[in-house]
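# Secondary and tertiary structure notes
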Amino acid sequence: QEQLVESGGGLVQAGGSLRLSCDASGGKFSTYTMGWFRQAPGKEREFVAAISWAGSSTNYADSVKGRFTISRHNAKNTVYLQMNNLKPEDTAVYYCIAAKSLLTATAPSYWGQGTQVTVSS
């Protein structure tokens, strides 16, 4: 059974950093585009970042460009989201996703359960 499990969330002060991890199991996730969405309280879930199966291409939401970096380690079936210069508006539940391609990253095939990130001002 395909499963995505996030970790690394927590509480951090504005300007700080966190690294999220997502461990994938039960499927051929090394051939999938992997990525992250987030959902803040009272807001819709939004796309954050995605990386192609080979790691050669990435996409980012404008709101996180220059601050967040997505990467993956296919041998470990793990994808990472390094988040620097965090802002209070980055507070959200962050979800790991898997999609068939970068083009379909906004309509993922699989979702994790989410990990909470809270940025204090």
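What counts, and at which threshold
The written sequence of each chain sets the order in which its residues are numbered from 1. Note on the predicted model: pLDDT of at least 70 is required for a residue's local features to be given, and 80 or more for side-chain atom pairs to be given and counted; whole-chain, interface and lining totals, by contrast, use all residues. Excluded from the side-chain calculations are hydrogens and water; all other atoms, namely the structure's heavy atoms, are used. Strands here are runs of E lasting at least two residues and helices are runs of H or I lasting at least four, both read from the DSSP assignment and numbered beginning at the N terminus. Computation of the radius of gyration draws on C-alpha atoms alone. For the globule rule, the value is 2.2 Å times the number of residues to the power 0.38. A simple rule labels every residue: compare its accessible area, found with a 1.4 Å probe on the protein chains alone, to the largest value its type can have, and call it buried under 20%, exposed over 50%, or partly exposed in between. The criterion used for residue contact is that any of the two residues' heavy atoms lie within 4.5 Å. Residue-level accessible areas treat just the shown protein chains as cover; the underlying method is Shrake-Rupley with a 1.4 Å probe. Positive: Lys, Arg. Negative: Asp, Glu. His and the chain ends are not part of the count. Charge coordinates come from a single atom per side chain, which is NZ of Lys, CZ of Arg, CG of Asp or CD of Glu. Here, a salt bridge means any Lys or Arg side-chain nitrogen found within 4 Å of an Asp or Glu carboxyl oxygen.

Bringing the overall build of the chain into the picture now. Helix and strand counts for the chain stand at zero helices and eleven strands. When the helices and strands of the chain are listed from N to C terminus, the series reads β-β-β-β-β-β-β-β-β-β-β. For a compact globule of 121 residues, the expected C-alpha radius of gyration is about 14 Å, and the chain comes in at 13 Å, within 12% of that figure. Each of the three principal axes of the chain carries a C-alpha extent, and together these read 40 × 25 × 25 Å. Each of the 121 residues in the chain was classed as buried or not, and the buried ones make up 42%. Contacts spanning at least 24 positions in sequence make up 56% of the contacts within the chain whose residues lie at least 6 apart. For the chain, the exposed surface amounts to about 6300 Å²; the carbon and sulfur share of it is 47%. Computed over 11 positive and 8 negative side-chain charges, the inter-centroid distance for the chain is 6 Å.

Applying the stated criterion across every chain, the model contains four salt bridges. Residue Glu46 is joined to Arg38 by a salt bridge in which the shortest nitrogen-to-oxygen separation is 2.6 Å. Taking the relative accessible area as the measure of exposure, Arg38 reaches 5% and is therefore buried. A salt bridge links Arg67 to Asp90, with the nearest nitrogen and oxygen atoms 2.7 Å apart. On the criterion of sequence distance, the pair formed by Arg67 in the loop between strand S6 (58-60) and strand S7 (68-73) and Asp90 in the loop between strand S8 (78-83) and strand S9 (92-99) is long-range, its members being 23 residues apart.

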